[in-house]
Amino acid sequence: MLVPHSEASETAMAVTWGAVQTLGGWGYSREFPVEQWMRDAKLEEIEEGTSDIMRLIISRRL
């Protein structure tokens, strides 16, 4: 169960980071929803633990 969730949070962060980079300075503006999406993705990543810790937990279960 940890693998799909870890991949989902990493993908969400990567996609939103790309969107912010594409928009440049406007990506950080609260006028665009991309800024909120990136904050939400980062919070999800932090809530579930860092990717390195998730990988460690998964590797121990194998």
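Quick caveat, the model's predicted, so the values are computed rather than measured.

Cut-offs used in this document
Residues numbered from 1 in each chain as written. Predicted model: local features only at pLDDT ≥ 70, side-chain atom pairs only at ≥ 80, totals over all residues. Heavy atoms only, no water. Core = buried A, V, L, I, M, F, W, Y, C linked by side-chain atoms within 4.5 Å. Buried < 20%, exposed > 50% of the residue type's maximum accessible area, 1.4 Å probe, protein only. Helix = DSSP H or I, 4+ residues; strand = E, 2+ residues; numbered from the N terminus. Contact = heavy atoms within 4.5 Å. Expected span 1.5 Å × (residues − 1). Arc of directions from axis to C-beta. Salt bridge = Lys/Arg side-chain N within 4 Å of Asp/Glu carboxyl O.

A. Broad picture of the nonpolar core. Counting five residues, the largest nonpolar core consists of Met13, Val20, Val34, Met38 and Ala41. Counting only elements with at least two residues in this core, the list comes to helix 1 (2–23) and helix 2 (33–47). Considering each element in turn, this core owes the most residues, three residues, to helix 2. In this structure Val20 touches Gly27, Tyr28, Val34 and Met38, once residues within four positions along its chain are discounted.

B. Summary view of helix 2. With 15 residues, helix 2 should cover 21 Å at 1.5 Å per step; its first-to-last C-alpha distance of 21 Å lies within 8% of that length. All buried positions along helix 2 are accounted for by Val34, Glu35, Met38, Ala41 and Glu45. Buried residues in helix 2, looked at end-on, bunch into an arc of 130°, giving them a common side.

C. Fine view of the pattern of salt bridges. Using the criterion set out here, one finds two salt bridges in the structure. One salt bridge connects Lys42 with Glu45, and the closest N-O pair in it is separated by 2.9 Å. With Lys42 and Glu45 both in helix 2 and three residues apart, the pair spans about one turn of that helix. Looking at Lys42, the relative accessible area reads 37%, which means it is partly exposed.

D. Seen up close, the environment of Thr16. Inspection of the secondary structure assignment puts Thr16 in helix 1. Taking the C-alpha atoms as reference, Thr16 lies 5.1 Å from Met38; in sequence the two are 22 residues apart. The contacts of Thr16, once residues within four sequence positions are left out, are Val34, Trp37, Met38 and Ala41.

E. A look at the environment of Tyr28. With respect to the helices, strands and loops of the structure, Tyr28 is situated in the loop between helix 1 and helix 2. Residue classification places Tyr28 among the partly exposed residues on the basis of a relative accessible area of 48%. Residues Tyr28 and Met38, spaced ten residues apart in sequence, show a C-alpha to C-alpha distance of 9.3 Å.

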